[in-house]
Amino acid sequence: MTAEDGGGWRAPTAHPTDWPADEIRRVGYRVVDLIADHLARLPTRPVFRPVPPALSRELVATPVPMAATAPDAILDSIRDVILAYPMGNGHPAFSGWVNSPPAMMGIFADALAATMNPNVAGGNQAAVYIEHEVLGWFKELLGFPPSASGQLVSGSSAAALTALGVARHVAATRAGIDARHAGLQHATTTFTAYQSEQGHSCHRKALEVLGIGSSHIRVIESDAALRMSPAALEAALARDLREGRTPVAVIASAGTVDTGGIDPLDAIADVCHMHGVWLHVDGAYGAPAILTARYAGALAGIARADSVATDPHKWMSVPIEAGLVLIKDAATTRATYAHDPPYLRTDGDPEGVTGPPWFSELGLQQTRGFRALKVWASISHLGRAGYRAAIEHTLDMAAQLAAHVQAAPDLELWEPTSLSIVCFRYVGDCALSSAVLDAINRALCTELQLGGDVFPTSTVLRGRTYLRSCIVHAGSRPDDGERLVRLAREVGARLASTQRA
Ligand SMILES: Cc1ncc(COP(=O)(O)O)c(C=O)c1O
């Protein structure tokens, strides 16, 4: 139905109050129905099915609509064409990448945040205080002091860029360079950074953008469990310092994306403190496991970092995008980013219009959405205990999956497993070459993903291709793991037989 069709429906204008309250309710209830139907049906649908080529062509080929479209027609399209083709991460059998289902209160909160539509750059408005509340919760969980700076960002890539920007400011100042004014244009020292081979690519991206350059990132040796070696880090730092280079940051992982490995954070913090080098901990995926007795000890060292990134949109299931950065040195964070432009008054006035010091002066974004509401609502709903139970359940599901893999003679488990990630590969019952097995496992992964019953992803560990299952769905069931193993064996055997024929 369009405006021209009549039917009592009026063409929308830009102003939300032009919608009568009853019409907001009617359309809103339809949205709620779509949400409920979509989530209820998800587990009965294929985990994933690709968008058919004709539809994907159609989706990008429609010109800017000239005429208005009725809300019901828009919702019908969303139901039939958009909700019908998700990537699969709401399904309990999905275990690809680090993509979780959405927490229900987060879904509702996102709509309410959009209803208020605040610009959380700053101001004496509730949204600002809710963001401070959320930041305070994460400071408490991760052992950061209340005085630390921080903010919600799109994800850990943005968190890393924000934190490493401050680390660069510190390192440049130490080298006598005013990086804000001169950039690194006239530097007579070489800036360096350090992470293990398992460090996430987002740090490379950030360091490239910050002018450090990827050739100055030292890849620190790791042990058999793919955890950074503090001794190798110490040697690399000592050599660079001896030779006049300026380390910007060490980036340690609190849960690597490939295997969930947790670097020895305490020992790494010792090395960083000894040399006065910034420590950034990437807790994008793993940090929330600090809630569990199993991982609280291994993750306690996060508290010793200068900055930490974590993603409530990963293991905590807050709807994407919800990343978070904490930086201990609030004054230097402000010194790195603040511009205090005259058209804003960001100095802070707790009782007036401006409210607390503005977030926009402590990071990269000026206009900022109300991400905090969905984090606040999700954590309020589940509480610490609820999140602990949800995370422990996924740890149990991962342990069961690992046990099924171990019991299968034609599969090889990557050990040690860590957090809720299980990596394994099909190896068959005869000696196929490594290259052939890699090709089989790549094809196996694709076939499983397209099959619609399970959805692992793949990765390369020590040069070999593995299937990788990362369980962050609190509704994951024991039979999801059994099915993954059964199908991996069946499809793997068929693919291997074509190699032998
Ligand atoms: C360990 C780890 N670090 C960093 C990132 C980057 O985070 P984001 O994608 O939220 O920017 C990811 C993303 O999967 C990750 O798993």
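Strand order in the open sheet made by the seven strands is β1-β7-β6-β5-β4-β2-β3, with mixed pairing throughout. In the strand order of this sheet, the two ends are held by β1 (149-153) and β3 (217-220), each with one partner. Each strand axis lies, on average, 15 degrees off the axis of its neighbour in the sheet, ignoring direction. Sheet topology note: the strand β4 (residues 246-253)/strand β5 (residues 278-283) ladder contains five bridges and is parallel. Opposite Ala 249, over in β5, you have Trp 278 as the bridge partner.

We now examine the nonpolar core. Judged by nonpolar contacts, the single largest core of 69 residues is most densely connected at Phe 138, Leu 142, Leu 233, Val 250, Leu 279 and Ile 302. Looking at which domains feed residues into this core, each of domain 2 (148-330) and domain 3 (384-500) supplies at least three. In contact with Leu 233, not counting residues within four places along its chain, are Tyr 194, Ile 220, Met 228, Val 250, Ile 268 and Val 271.

Turning our eyes to something else, we now look at the domain arrangement of the protein. Domain parsing of the protein yields domain 1 (3-86), domain 2 (148-330) and domain 3 (384-500). When each unit is reduced to the centre of its C-alpha atoms, the spacing between domain 1 and domain 3 is 37 Å. Opposite the four residues of domain 1 that make contact, domain 3 presents six residues. Summed over both sides, the interface between domain 1 and domain 3 buries roughly 410 Å², with carbon and sulfur atoms accounting for 71% of that surface. Inspection of the domain 1/domain 3 interface yields zero salt bridges. In this structure, the connection of domain 1 to domain 3 is made through one residue pair in polar contact (both at pLDDT 80 or more). Looking at the side of domain 1 that touches domain 3 residue by residue, the class counts come to four nonpolar, no polar and no charged.

Calculation criteria
Each chain carries its own residue numbering, running from 1 in the direction its sequence is written. The predicted nature of this model means local features are confined to residues of pLDDT at least 70 and side-chain atom pairs, given and counted, to a pLDDT of 80 or more, with totals for whole chains, interfaces and linings taken over all residues. To obtain the side-chain values, all non-hydrogen atoms of the structure were used and water was disregarded. Each pair of strands is called paired provided DSSP finds at least two bridges between the two strands. In this text, helices come from DSSP runs of H or I with a minimum length of four residues, and strands from runs of E with a minimum of two, each type numbered from the N-terminal end. Axis lines are fitted through C-alpha atoms, for helices just across the contact stretch, and the angle between N-to-C directions can take any value from 0 to 180 degrees. Grouping buried Ala, Val, Leu, Ile, Met, Phe, Trp, Tyr and Cys residues that are joined through side-chain atoms within 4.5 Å yields what is termed a nonpolar core. Per-residue accessibility, obtained with a 1.4 Å probe over protein chains only, is compared with the maximum for each type, and a residue is labelled buried under 20%, exposed over 50%, and partly exposed between these values. Delimitation of the domains relies on an automatic or database domain assignment. The contact criterion used is simple: two residues touch if any of their non-hydrogen atoms lie within 4.5 Å. Using a 1.4 Å probe, buried area is obtained as the accessible area two parts lose upon being combined, added over both of them. Here a salt bridge means any side-chain nitrogen of Lys or Arg lying within 4 Å of a carboxyl oxygen belonging to Asp or Glu. Here a polar contact is recorded for every N or O atom pair within 3.5 Å, except that within protein the pair must consist of a potential hydrogen donor and a potential acceptor, and residues adjacent in sequence are included only if both atoms are side-chain atoms. Classification convention: Asp, Glu, Lys, Arg as charged; Ala, Val, Leu, Ile, Met, Phe, Trp, Tyr, Cys, Pro as nonpolar; all other residues, Gly among them, as polar.

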